[in-house]
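Each chain, written out:
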Amino acid sequence: MAESSNKPRIRFRVRRGSRLVRAVLIAAVSLSVVAIVVLSISLRAALREQADLRQQAADLEEENSRLEEKIDALGSVDGVAQIAQDELGLVDPDTIIIETSGD
């Protein structure tokens, strides 16, 4: 014979939630969806800004390379003469300049 147990049986009843609980759950889900959309938009904007900054960095690296070449050219006589001619309009004293009229 099986011994009867004096332990009480536990029964769970699933009751329909109240309207307040439903409203709170709907509000929580709605706010979560809105938060996800806002975060998604923010992420896209940040990625666009990152791409722009990477392009700016690449442009600055290119300009830096040009300036480094210019600095290297300063070390030679020809480089100094070229910069003086290009940027200052100076010419070698042995150079003869012939100007023509625009007529």
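In this report, the structure presented in the accompanying data block is examined.

Rules and cut-offs
Residues numbered from 1 in each chain as written. Predicted model: local features only at pLDDT ≥ 70, side-chain atom pairs only at ≥ 80, totals over all residues. Heavy atoms only, no water. Helix = DSSP H or I, 4+ residues; strand = E, 2+ residues; numbered from the N terminus. Buried < 20%, exposed > 50% of the residue type's maximum accessible area, 1.4 Å probe, protein only. Areas by Shrake-Rupley, 256 points an atom, 1.4 Å probe, with all protein chains shown as cover. Expected span 1.5 Å × (residues − 1). Arc of directions from axis to C-beta. Contact = heavy atoms within 4.5 Å. Axes fitted to C-alpha atoms, helices over the stretch in contact; angles between N-to-C directions. Salt bridge = Lys/Arg side-chain N within 4 Å of Asp/Glu carboxyl O.

Helices and strands together make up the secondary structure of the protein, namely two helices and zero strands. Scored against the burial criterion, the 103 residues of the protein give a buried share of 3%. With the model as given, the accessible surface of the protein reaches about 10600 Å², and the carbon-plus-sulfur share is 58%.

Another point: helix 2 (residues 77-88). Here helix 2 is 12 residues long and its end C-alpha atoms lie 16 Å apart, about the 16 Å a rise of 1.5 Å per residue gives. Buried residues of helix 2: G79, I83 and A84, and no others. Looking straight down helix 2, one finds its buried side chains confined to an arc of 135°; they lie on one side. Pointing more than 90 degrees away from the buried face of helix 2 are the exposed residues V77 and D78. Close packing links the buried residues of helix 2 with helix 1 (19-74). In the stretch just after helix 2, G89 is the one whose phi turns positive, near 75°.

Attention now moves to the packing of helix 1 against helix 2. It is at 7 Å that the axes of helix 1 and helix 2 come closest, and there the two elements cross at 120°. Contacts from K70, A73 and L74 of helix 1 reach helix 2 at G79, V80, I83 and E87.

This part is about the pattern of salt bridges. Taken as a whole and judged by the stated rule, the model has two salt bridges. Note that E62 and R66 form a salt bridge whose closest N and O atoms lie 3.3 Å from each other. Placement of both E62 and R66 in helix 1 is noted, with a separation of four residues, approximately one turn of the helix. Across the pair E87 and K70 runs a salt bridge whose closest N-O atoms are separated by 2.4 Å. Here E87 is found in helix 2, whereas its partner K70 is found in helix 1, with 17 residues between them in sequence.

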